[in-house]
Amino acid sequence: MSRWLFLGALALALGAPAATLAQQAAATPLRGPELLAALRTGGYILYFRHADTDHSQNDERMTSVEDCTTQRNLTDRGRDHSRAIGEVIRTLGIPIGAVLASPLCRTVETAMLAFGTAQKAPAAREGGPLPPGSAGRFAALRVLLSTPVAPGANTVIVAHAYPYFTLVGGQFLSEGEADVVRPRGTDFEVVARVGLRQWRELAATPAHR
């Protein structure tokens, strides 16, 4: 995304009415062959929460996002889960363009194992200077989710549960789960929620065979 496009979209997002800030699921969610066809066409954002982590670890001692020893990291199950997600998405023929990741180790590693690449994007993690609950909370992430994606590929964002939940409400993403988001310029809508089981079910549909 160019600097000027990002700044323009950010201004629109900050000026949006409060009712548009927390986006809800689409009136008609996409499922099965319809979802697969849409993803193969492209133009969507796949927002993943990082895969399974070791919850005996935490980020309280973290002084740098580069130091993985002071962060909560993926487990071996999480690494296997990440690889499996990437494999089934490739099997489904879903085109992937940019892969953005929160700079923390668990999000970057999830993206690398699943998609083979990761562009560190602080906007996928940071809440900015505003206090929790304010209208501009996680405005940079809202911009990422609202910015249109050209047909022919889908953008991936690998990040965290809480910033995303703050924007959309509803239920937290489980580790490794993804929402399929349709960006609409100044806002966005969620059209599907997909975990590894649902990805594999899509691979079993007649539309894939």
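To be clear, the structure that these remarks concern was listed above.
Described below are features of the structure shown in this document. Predicted model only: the values in this text are computed from it and were never measured.

1. Points about the pairing of strand 6 (residues 188–194)
Right, on to step 1. Counting buried positions along strand 6 gives six out of seven residues, so the element sits mostly inside the fold.
Right, on to step 2. Summarising the sheet, strand 5 (residues 178–183) and strand 6 pair through six bridges and their orientation is antiparallel. Looking at the pairing, D179 lines up with R193 of strand 6.
Right, on to step 3. Counted between consecutive antiparallel strands, the loop separating strand 5 from strand 6 contains four residues, among which G185 sits at a positive phi close to 90°.

2. Quick notes on the pairing of strand 4 (residues 154–159)
The side chains of a regular strand alternate, residue by residue, between the two faces of the sheet.
Right, on to step 1. Most of strand 4 is tucked away, with six of its six residues classed as buried.
Right, on to step 2. Of the two faces of strand 4, both are covered, the one formed by N154, V156 and V158 as well as the one formed by T155, I157 and A159.
Right, on to step 3. Across five bridges, the pairing between strand 1 (residues 45–49) and strand 4 is parallel. When the sheet's bridge partners are listed, F48 is paired in strand 4 with V158.
Right, on to step 4. Pairing analysis gives four bridges linking strand 2 (residues 96–101) to strand 4, with the strands arranged parallel. For I96, the partnering residue across the bridge sits in strand 4 and is N154.

3. A few points about the nonpolar core
Right, on to step 1. Ranked by size, the top nonpolar core spans 31 residues in total, and within it L35, L39, F48, I89, V180 and W199 carry the most contacts.
Right, on to step 2. Once residues lying within four places of it in the same chain are set aside, the contact partners of F48 are I85, I89, F115, V156, I157, V158, A159, G176, E177, A178 and W199.

4. Thoughts on the environment of E60
Right, on to step 1. With respect to the helices, strands and loops of the structure, E60 is situated in the loop between strand 1 and helix 3 (76–91).
Right, on to step 2. According to the relative accessible area criterion, E60 is exposed, its value standing at 72%.
Right, on to step 3. Sequence-wise, E60 and T70 are ten residues apart; in three dimensions their C-alpha atoms are separated by 7.6 Å.

5. A look at the packing of aromatic side chains
Right, on to step 1. Applying the stated criterion across every chain yields a total of five aromatic pairs.
Right, on to step 2. A ring pair is formed by Y47 and Y164, whose centres lie 4.3 Å apart and whose planes are at 15°; its orientation type is stacked. Here Y164 lies in helix 6 (residues 161–168) and Y47 lies in strand 1, a separation of 117 residues in the sequence. The pair Y47 / Y164 is uniform in exposure class, with both members buried.
Right, on to step 3. Here the aromatic rings of F48 and W199 are separated by 6.4 Å at their centres, their planes lie at 25°, and the arrangement is stacked. Placement of F48 in strand 1 and of W199 in helix 7 (residues 196–203) is noted, with a sequence separation of 151 residues between them.

6. Remarks on the sheet that holds strand 6
Right, on to step 1. One open sheet accounts for six strands, arranged 3-2-4-1-5-6; its pairing is mixed. In the strand order of this sheet, the two ends are held by strand 3 (119–120) and strand 6, each with one partner.
Right, on to step 2. Sitting on the sheet, helix 4 (residues 105–115) touches strand 1, strand 2, strand 3 and strand 4, and the angle it makes with strand 2 is about 160°.

7. Remarks on the side chain of R106
Right, on to step 1. In this structure, R106 sits in helix 4.
Right, on to step 2. With near-sequence residues (within four places) excluded, R106 lies in contact with H50, T53, D59, R72, N73, L74 and H160.

8. Topic: the environment of R72
Right, on to step 1. Considering the arrangement of structural elements, one finds R72 in the loop between strand 1 and helix 3.
Right, on to step 2. Along the primary structure R72 and D59 are separated by 13 residues, whereas in three dimensions their C-alpha atoms are 5.9 Å apart.
Right, on to step 3. If sequence neighbours within four positions are ignored, R72 has contacts with R49, H50, T53, D54, H55, Q57, N58, D59, R106 and E175.
Right, on to step 4. Here the side chain of R72 touches T53 through a polar contact of 2.8 Å, side chain to side chain.

9. Looking at the pattern of salt bridges
Oppositely charged side chains are able to pair whenever their charged atoms sit close together.
Right, on to step 1. Tallying each qualifying case throughout the model produces eleven salt bridges.
Right, on to step 2. Close ionic contact of D76 with R79 constitutes a salt bridge, the shortest N to O distance being 3.2 Å. Taken together, the residues D76 and R79, both in helix 3 and three residues apart, mark about one turn of the helix.
Right, on to step 3. The exposure class assigned to D76 is exposed, which follows from its relative accessible area of 58%.
Right, on to step 4. For the salt bridge of R79 with E109, the shortest nitrogen-to-oxygen distance reads 2.7 Å. Of this pair, R79 sits in helix 3 while E109 sits in helix 4; the two residues are 30 residues apart in sequence, bridging distant segments of the chain.
Right, on to step 5. On the basis of relative accessibility, which here comes to 24%, the residue E109 falls in the partly exposed class.

Rules used in this analysis
Residues numbered from 1 in each chain as written. Predicted model: local features only at pLDDT ≥ 70, side-chain atom pairs only at ≥ 80, totals over all residues. Heavy atoms only, no water. Buried < 20%, exposed > 50% of the residue type's maximum accessible area, 1.4 Å probe, protein only. Helix = DSSP H or I, 4+ residues; strand = E, 2+ residues; numbered from the N terminus. Pairing = 2+ DSSP bridges. Core = buried A, V, L, I, M, F, W, Y, C linked by side-chain atoms within 4.5 Å. Contact = heavy atoms within 4.5 Å. Phe/Tyr/Trp six-rings, centres within 6.5 Å; stacked < 30°, edge-to-face > 60°. Axes fitted to C-alpha atoms, helices over the stretch in contact; angles between N-to-C directions. Polar contact = N/O pair within 3.5 Å; in protein donor to acceptor, adjacent residues only side chain to side chain. Salt bridge = Lys/Arg side-chain N within 4 Å of Asp/Glu carboxyl O.

These figures capture arrangement, not role.
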